[in-house]
Amino acid sequence: MADAATIRSKAPDGTGFIRIGSGAPVLLIHGVGMNAEIWQPQLAAMQDRFDVIAIDMLGHGSSPLPPENAQLSDFADQAIRLLDHLGLDHVAAVGHSMGALVAQELALRAPARIGALVCLNAVFRRPPELAQAVRERAAALGGPGDPSAIAATIARWFGNPIPPALSDAAATARSALESVDADGYARTYRLFASADTAHADRLADLAAPALFMTGSEDRNSTPAMSAAMARLAPAGRCVVLSGEKHMMTIASPQKVTQRITDFLDEASSASAGAEAKPGFDAMEFRRALGSFLTGVTIVTTIDEAGDARGFTANSFTSVSLEPPLVLVCIAKKALGHHAFSTSRGFAINILSEAQKAASGIFASKAADKFASVAWQPGQTGNPLIGGSVAVFDCCMEQLVDAGDHSILIGRVHDFSHNGAQPLGYCRGAYVTPGLSQEALAATAPPGTEVGAILENEGRVLFFETAEGSYQLPAGRGLGAANDPRSLRGKLAAKVIDAELGFLYAVWDDATDTARTHVYYRGTVDAPVYADGQIHFVEIERIAELKVADPAVRSMLVRYARERAEDSFGVYVGNEVEGEVRPLAKPAPSAPIPSGPIHSGQR
């Protein structure tokens, strides 16, 4: 049988390639300075089970030159043209070094055509010193077959001196470097020097199962790089081969090829199983998750450079009362993932309805997000945002890897909270957890009594009447501040700054069925001037008050009980009978209660 590496063909656009074998198609893409023949060990080993195609990338082998200022898309488009020429709709792509970047670009540009992806010795987000060294090598490229440049490359790849066991592999690589077109090599290497971040924000969109494999001794395509890419890819996996360097495809071909074929077999089996089952629609899954009504938080920290960092999240929950633990999730593709995953702590700021704008800014890529909010450092140094309903200042307890997200578990060191109305989020939009006051104002029939239980530091606001009884603030309709008969008008007349929150009770009048009573919970600042009619009564003393309306009196008894239990419902019925409907079913574990964790903190 003829040597597989000598059976060459050309596509109509001039692309050189080798094709051998039969079975599932696999496209092999080499690195800078090499050509299709560098895959000879893999071609020989895989041809009995796979239809193997090794391409000469632009500027290499017998393929035409790339553009002067080439992009990864130019190389991916070349591969797509070859697949079209060969009539292949669906392949697995295997790329080495620069070829791995091209394979990623191909998988991202044409996801329906790539069933599996193998990235060997791929580069990703080079550290500054390594990036500078690669740029300097690109700038110093000499003429065709520059002996000193080739010698330096071979030394990096195989060692200096070259171990006897690697002499044949080193000779193969040297021969390829000596024969490569100088312009093609230079144009491709310049792209390679700058393309290590090309997919940083796109790997999360990678649909195919992906294997990122490198050698433990590869100083330029490090294990950390492969691990980072595998974390970002939804179906990514990282394998590090002990003792291997950059050219492991020819230095240890049996070991590398076995890993490749094992992964391709596994990906093929998984694909066949998925086709036999109803498809899992990731977008519908996301929509279904969005049906869960949540609050909105801004999570903050200080990064290694001392800068404040933050992002908007609704994936927040309590974890434990003893010790006090909470968690929040951050996407691995988020720009702030590194800062939060390596931080010593973070703060969770639960937003109020008035902080919708801040939520939007921290969900964006704005340059200076913190310029839009008032904040101060907490006891751990994490930024605490003013105006939040509650803040939890945490030290990092544990970082958990979970699919395409990381889970940050924090031990609460300090916290505070107030009674402001929280901001809600559901199905991609902000919502008000209680009955919308705007909707009530627009649709309530004339004569609807709207009142409020307004709390200030454990006390409830009452108006004392001339007869010595006590009333809650109430009026005909919600109204406006200039309507003296409405609730808002009555509060404005006494310069009371109140904020209505959740709906608390709705009942029909027993004597006038056309009349409805609606009461909200809310918060209030103490009035700044003396008014003999205004009283703030401790919740524990409400039962002692003379309240003329029996329905309101019954509601206040319930409020005192539910306030003590921190478990509120909504009463629906009439003055005589009705039911209290809970806002939510009891959770298996209660949230962290309000109160100090250390003395002197409210």
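Residues numbered from 1 in each chain as written. Predicted model: local features only at pLDDT ≥ 70, side-chain atom pairs only at ≥ 80, totals over all residues. Heavy atoms only, no water.

A. Region of the structure containing the pattern of salt bridges. Under the definition given, this model contains 21 salt bridges. Among the salt bridges present, the one from Arg49 reaches Asp265, with a minimum N-O distance of 2.5 Å. Remark: Asp265 occurs in helix α10 (residues 253-276) and Arg49 occurs in the loop between α1 (40-46) and β4 (50-55); sequence separation between them is 216 residues. Given the relative accessible area of 47%, Arg49 is considered partly exposed. In this structure, Arg219 and Glu217 form a salt bridge, with 2.9 Å as the shortest nitrogen-oxygen distance. Since its relative accessible area comes to 58%, Arg219 is described here as exposed. Through salt bridges that share partners, Asp77, Glu105, Arg109 and Arg202 make up one connected network. (Salt bridge = Lys/Arg side-chain N within 4 Å of Asp/Glu carboxyl O. Helix = DSSP H or I, 4+ residues; strand = E, 2+ residues; numbered from the N terminus. Buried < 20%, exposed > 50% of the residue type's maximum accessible area, 1.4 Å probe, protein only.)

B. Structural context of the sheet that holds strand β14 (residues 345-350). On the basis of which strands lie adjacent, the open sheet formed by 7 strands has the order β11-β10-β14-β17-β18-β13-β12 and antiparallel pairing. Each edge of the sheet is formed by a strand with only one pairing partner; in this case those strands are β11 (308-313) and β12 (316-320). Shown here is a sheet whose adjacent strand axes are inclined to one another by a mean of 35 degrees, direction ignored. With 7 bridges joining them, strand β13 (residues 325-331) and strand β18 (residues 405-417) adopt antiparallel strand pairing. Following the sheet pairing, Leu325 is matched in β18 by Arg411. (Pairing = 2+ DSSP bridges. Axes fitted to C-alpha atoms, helices over the stretch in contact; angles between N-to-C directions.)

C. Fine view of the side chain of Gln47. Structurally, the position occupied by Gln47 is in the loop between α1 and β4. Overall, the relative accessible area of 15% leaves Gln47 in the buried class. Polar side-chain contacts of Gln47 include one of 3.4 Å to the backbone oxygen of Ala44. (Polar contact = N/O pair within 3.5 Å; in protein donor to acceptor, adjacent residues only side chain to side chain.)

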